[in-house]
Amino acid sequence: MKSTPIVKEILSHYEGEAPGVKANLNRMLMTGKLGGTGKMIILPVDQGFEHGPARSFAANPAGYDPHYHYQLAIDAGLNAYAAPLGPLEAGADTFAGQIPTILKVNSANSLMSDTAGKNQAITASVDDALRIGAGAIGFTIYPGSDMAVDMMEEIVEMRKEAASRGIASVVWSYPRGEGITKEGETGIDVAAYAAHMAALLGAHIIKIKLGTDHLMLPEAKKVYEDQNIDIATQAARVKHCVQSVFNGKRIIVFSGGAKKDADSLYDDARAIRDGGGNGSIVGRNSFQRSRTDALDMLDKLVEIYKGNA
Ligand code: FBP
């Protein structure tokens, strides 16, 4: 597979990394309508685990079928499709080699009690990723949870194993739990901190939520104010998160969130683009629309990332 100067430059930042990992990153960055631009759009479909089947798929019942998501990601010209083991296996033969896949190796669920702590079960392995041809594992950490230390230790081990076998690691870094207020979950100081920790843990691709201008941590707030760190606009906040992942030397993508109107998704994408982020990972906003509407919306996102809209 070819590469472009932009992609080669991105890969050059992963110094000392296994060639197999770089090959898998190259493949994701070179696939689809944004292939070669350094930008990415990924389709994540693990919401069935996180929120349950009806909340995830009733709005567009075609989504109950895992093949639907493979085909959507392929037809929309996305860079990769991310899902837990069951749905990836369910299309692994039919779609073998047609789209890079990210095997989500841990998942939360909405049936756990409030006292269980914010944590995710490990539901797949690096062996599974190799067997089904996934180019990366995907792992969620919850910075701020009382279980965060365990989750960090788990991803360090899995990342080590994955990298030794040429598989890349994508870390979903989602602040939540006992140490975080509701507003703080998306506060920009916390979001940038979560992104930074994912980079420190060795993530090759970091996924966070877009941040608000709220500052949760008093000590950090003082620094943001004293140093006049610009957090006034979404693009400025994205820029700050990009700076927080080794000054842009790690790929960072931002999640879409619950379904919303297309125009606000486009505004988010423009902010991600203008702030220097690498792209979007858009689940519910893709598969909870009809296939036609989803393809139109994803096409527009591609044009935004290409700088045409
Ligand atoms: P969405 O675009 O649907 O927000 O998907 C991104 C994602 O990270 C999924 O991988 C995950 O299932 C979901 O968000 C979790 O959302 P939340 O934490 O808001 O329940």
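Each remark here, short or long, concerns the structure printed above.
So, here is what we can say about the structure in this document. Nothing here was measured: the structure is a model prediction, and the numbers come from that model.

## A short note on the overall build of the chain
Argument step 1. Scanning the chain from N- to C-terminus turns up 14 helices and 10 strands.
Argument step 2. For 309 residues, the compact-globule estimate of 2.2 N^0.38 gives 19 Å, and the C-alpha radius of gyration of the chain, at 18 Å, lies within 12% of that figure.
Argument step 3. For the chain, with 309 residues in total, the buried portion stands at 55%.
Argument step 4. Put simply, of all contacts in the chain between residues at least 6 apart along the chain, 74% involve residues at least 24 apart.
Argument step 5. As displayed, the chain offers around 12,800 Å² of accessible surface, 52% of which is attributable to carbon and sulfur atoms.
Argument step 6. Positive and negative side-chain charges in the chain, numbering 32 and 36 respectively, have mean positions lying 5 Å apart.

## A look at the pattern of salt bridges
Argument step 1. In the structure shown here, the tally under the stated rule is 15 salt bridges.
Argument step 2. Notably, a salt bridge pairs Arg165 with Asp127, separated by 2.6 Å at the nearest N-O pair. Remark: Asp127 occurs in helix α7 (residues 126–132) and Arg165 occurs in the loop between α8 (148–164) and β7 (168–173); sequence separation between them is 38 residues.
Argument step 3. Look at the salt bridges and you will find they share partners, linking Glu89, Asp128 and Arg131 into a network.

## Side note on helix α2 (residues 19–30)
Argument step 1. Helix length check: α2 (12 residues) gives 16 Å between terminal C-alpha atoms against 16 Å at 1.5 Å per residue, within 8%.
Argument step 2. Along α2, the positions that sit buried rather than exposed are Val21, Asn24, Leu25, Asn26, Met28, Leu29 and Met30.
Argument step 3. Phi for Gly32, located one or two positions after α2, is positive at around 85°.

## Description of the packing of helix α11 (residues 234–244) against helix α12 (residues 262–274)
Argument step 1. In contact at an axis separation of 7 Å, α11 and α12 are set at 45° when each is read in the N-to-C sense. Taken together, the axes of α11 and α12 lie oblique to each other. Note on packing geometry: the crossing formed by α11 with α12 is right-handed. Residues Gln234, Ala235 and Val238 of α11 form the contact with α12, whose participating residues are Ala271, Ile272 and Asp274.
Argument step 2. Of the residues assigned to the contact of α11 with α12, the class counts are four nonpolar, one polar and one charged.

## Regarding the site of the ligand
Argument step 1. In the vicinity of the ligand lie 16 residues, with Asp46, His51, Tyr174, Arg176 and Lys207 positioned nearest.
Argument step 2. Between an oxygen atom of the ligand and a side-chain N or O atom of His51, the distance comes to 2.5 Å.
Argument step 3. Looking at the shell around the ligand, the element that brings in the most residues is helix α3 (residues 47–51), giving three residues.
Argument step 4. Among the residues forming the shell around the ligand, the class breakdown is five nonpolar, five polar and six charged.

## What to know about the sheet that holds strand β3 (residues 101–104)
Argument step 1. The eight strands are arranged β1-β2-β3-β6-β7-β8-β9-β10 in a closed barrel whose pairing can be described as parallel. Direction aside, neighbouring strands of the sheet carry axes that sit 25° apart on average.
Argument step 2. Relative to strand β2 (residues 80–83), strand β1 (residues 40–44) runs parallel, the two being bridged by three bridges. Note that in β2 the partner of Leu43 across the bridge is Tyr81.
Argument step 3. On top of the sheet, helix α9 (residues 188–200) reaches β7, β8 (205–208) and β9 (251–255); it is set at about 155° to β8, its chief contact.
Argument step 4. Contacts from helix α14 (residues 291–305) reach β1 and β10 (279–281) within the one sheet, and its direction differs from that of β1 by about 150°.

## As for the side chain of His69
Argument step 1. Relative to the assigned elements, His69 resides in helix α5 (residues 66–75).
Argument step 2. Separated by 2.7 Å, the side chain of His69 and the backbone oxygen of Gly63 make a polar contact.
Argument step 3. For His69, the contacting residues outside a window of four places in its chain are Leu43, Val45, Phe57, Gly63, Tyr81 and Phe287.

## Quick look at the packing of aromatic side chains
Argument step 1. Throughout the structure, instances matching the rule amount to four aromatic pairs.
Argument step 2. With 4.8 Å between their ring centres and 65° between their planes, Tyr70 and Tyr81 make a pair best called edge-to-face. With Tyr70 in helix α5 and Tyr81 in strand β2, this residue pair connects regions lying 11 residues apart in the sequence. Both residues of the pair, Tyr70 and Tyr81, belong to the buried class.
Argument step 3. Judged by centre distance (4.6 Å) and plane angle (10°), the rings of Tyr70 and Phe95 are stacked. Note that Tyr70 is positioned in helix α5 and Phe95 in the loop between α6 (85–90) and β3, a separation of 25 residues in sequence.

Calculation notes
Residues numbered from 1 in each chain as written. Predicted model: local features only at pLDDT ≥ 70, side-chain atom pairs only at ≥ 80, totals over all residues. Heavy atoms only, no water. Helix = DSSP H or I, 4+ residues; strand = E, 2+ residues; numbered from the N terminus. Rg over C-alpha atoms; globule rule 2.2 N^0.38 Å. Buried < 20%, exposed > 50% of the residue type's maximum accessible area, 1.4 Å probe, protein only. Contact = heavy atoms within 4.5 Å. Areas by Shrake-Rupley, 256 points an atom, 1.4 Å probe, with all protein chains shown as cover. Lys, Arg positive; Asp, Glu negative; His and termini not counted. Charge placed at Lys NZ, Arg CZ, Asp CG, Glu CD. Salt bridge = Lys/Arg side-chain N within 4 Å of Asp/Glu carboxyl O. Expected span 1.5 Å × (residues − 1). Axes fitted to C-alpha atoms, helices over the stretch in contact; angles between N-to-C directions. Parallel < 35°, antiparallel > 145°, perpendicular 65-115°, else oblique. Left-handed = near helix turned anticlockwise from the far one by under 90°. Nonpolar A, V, L, I, M, F, W, Y, C, P; charged D, E, K, R; others polar. Near = heavy atom within 4 Å. Polar contact = N/O pair within 3.5 Å; in protein donor to acceptor, adjacent residues only side chain to side chain. Pairing = 2+ DSSP bridges. Phe/Tyr/Trp six-rings, centres within 6.5 Å; stacked < 30°, edge-to-face > 60°.

Function-wise, these values are silent; they only describe arrangement.
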